[in-house]
Amino acid sequence: MEVRFIVDTNVGKLAKWLRIMGYDTLFINGIDDNRLIGIALEEGRVVLTRDTHIMRRRVAVKGRLKAILIKDDKVKEQLIQVVGTLNLDSRIRAFSRCIECNQPLVAKEREGIQELVPPYVFQTQNQFMQCPTCRRIYWRGTHWSRMNLALEKLGRK
Ligand SMILES: [Zn+2]
């Protein structure tokens, strides 16, 4: 089964990168521990946190709650830890999910998209994806290439 995550407030930046990698990652700003654990158990999500109190909870110690205690405070090191611990593929599903909403993106026809993206982008790109929730359009621009390179490096570790 595909790994899904819930990210604690203290490691919020991880959510963006796990979503870029295409992993279903929930992040609720300011969530308290009980609710975080509740959602994780209910939806079968792995908790990512720097909070040792969560790790010492009975559900975590007994293994019913899957949780990873994040060691570093740099997001790159955090991501390396998560990818390494769960042996994730950092690129196979990359760029399939909205960075903001965590929704799977939907392929979009070129027609009807012209007004939604800058003219240069419309002229030079062929593939467009859209988030069904926030309607944000994604394409394989320079930002995409940069992030792709970052993921590639991560995968080679
Ligand atoms: Zn969105």
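A short tour of the structure in this document, coming up. (Residues numbered from 1 in each chain as written. Predicted model: local features only at pLDDT ≥ 70, side-chain atom pairs only at ≥ 80, totals over all residues. Heavy atoms only, no water.)

## Some words on the pattern of salt bridges
What counts is decided by this rule: Within this document, salt bridges are pairs made up of a side-chain nitrogen of Lys or Arg and a carboxyl oxygen of Asp or Glu, the two lying within 4 Å of each other. Each residue is assigned to one of three classes by its accessible area relative to the maximum for its type, calculated with a 1.4 Å probe on protein chains only: buried under 20%, partly exposed between the two thresholds, exposed over 50%. Only DSSP runs of H or I with at least four residues qualify as helices, and only runs of E with at least two residues qualify as strands; both kinds are numbered from the N terminus onward.
Scanning the model with the defined rule gives eight salt bridges in all. In this structure, Arg-45 engages Glu-43 in a salt bridge whose closest nitrogen and oxygen atoms are separated by 2.7 Å. Classification of Glu-43 by relative accessible area gives partly exposed; the value is 31%. A salt bridge links Arg-91 to Glu-152; the shortest N-O distance between them is 3.6 Å. Pair noted here: Arg-91 is in the loop between helix 5 (75–86) and strand 5 (106–108) and Glu-152 is in helix 7 (residues 142–156), with a separation of 61 residues, a long-range link.

## Thoughts on the coordination of the zinc ion
Rules: Here the coordinating atoms are restricted to nitrogen, oxygen and sulfur within 2.8 Å of the metal centre, or 3.2 Å for Na, K and Ca, and because water is not among them the sites may look incomplete.
Ligation of the zinc ion by protein atoms is provided by Cys-98 (SG), Cys-101 (SG), Cys-131 (SG) and Cys-134 (SG), these donors lying 2.3 to 2.4 Å from the ion. For the zinc ion, the donor residues sit on a single chain with the sequence spacing C-x2-C-x29-C-x2-C. Of the two residues, Cys-98 sits in the loop between helix 5 and strand 5 while Cys-134 sits in the loop between strand 6 (128–130) and strand 7 (137–139), which places them 36 residues apart along the sequence. On the accessibility criterion, Cys-134 (35% relative accessible area) is partly exposed.

## Concerning the sheet that holds strand 3 (residues 46–49)
As a reminder, the rule being used: A pair of strands counts as paired when DSSP detects no fewer than two bridges linking them. The axes used here are C-alpha line fits, helices contributing only the stretch in contact, and every angle between their N-to-C directions lies in the interval 0 to 180 degrees. Should any heavy atoms of two residues lie within 4.5 Å, those residues are considered in contact.
Strand order in the open sheet made by the four strands is 2-1-3-4, with parallel pairing throughout. In the strand order of this sheet, the two ends are held by strand 2 (25–27) and strand 4 (67–69), each with one partner. For this sheet the average axis-to-axis angle between neighbouring strands, irrespective of direction, equals 25°. Two elements, strand 1 (residues 5–7) and strand 3, share three bridges in a ladder whose sense is parallel. For Ile-6, the partnering residue across the bridge sits in strand 3 and is Val-47. Helix 2 (residues 33–43) contacts strand 1, strand 2 and strand 3 of the sheet and is inclined by roughly 175° relative to strand 1. Contacts from helix 5 reach strand 1, strand 3 and strand 4 within the one sheet, and its direction differs from that of strand 4 by about 135°.

## Focus: the nonpolar core
The condition is simple: For this analysis, a nonpolar core means a set of buried residues of the types Ala, Val, Leu, Ile, Met, Phe, Trp, Tyr and Cys, connected via side-chain atoms within 4.5 Å.
The biggest cluster of nonpolar side chains holds 29 residues, and the ones touching the most others in it are Leu-14, Leu-18, Met-21 and Leu-48. Elements that contribute at least two residues to this core include exactly strand 1, helix 1 (13–20), strand 3, helix 5 and helix 7. When residues in this core are grouped by element, the largest group, five residues, is from helix 1. Those residues in contact with Leu-48 that sit more than four places away from it in its chain are Phe-5, Ile-6, Val-7, Asp-8, Val-11, Leu-14, Leu-18, Ile-68, Ile-70 and Val-82. Core analysis: the second largest hydrophobic core is formed by 11 residues, Ile-6, Ile-39, Val-47 and Leu-65 among them.

## Details of the pairing of strand 3
Neither face of strand 3 is open: one carries Val-46 and Leu-48, the other Val-47 and Thr-49, and all of them are buried. Note that strand 3 and strand 4 share three bridges and pair parallel. Within strand 4, the position partnered with Thr-49 by the bridge is Leu-69.

## Looking at the packing of helix 1 against helix 5
The following threshold applies: Should an angle fall under 35 degrees it is taken as roughly parallel, and over 145 as roughly antiparallel, whereas 65 to 115 is taken as roughly perpendicular and any remaining angle as oblique. If you view the pair so one helix is near and one far, a crossing is left-handed when the near helix is turned anticlockwise from the far one by less than a right angle, and right-handed when it is turned clockwise.
It is at 10 Å that the axes of helix 1 and helix 5 come closest, and there the two elements cross at 55°. Relative to helix 5, the element helix 1 lies oblique. Crossing of helix 1 over helix 5 shows right-handed handedness. Contacts from Lys-13, Leu-14, Trp-17 and Leu-18 in helix 1 reach Val-75, Gln-78, Leu-79 and Val-82 in helix 5.

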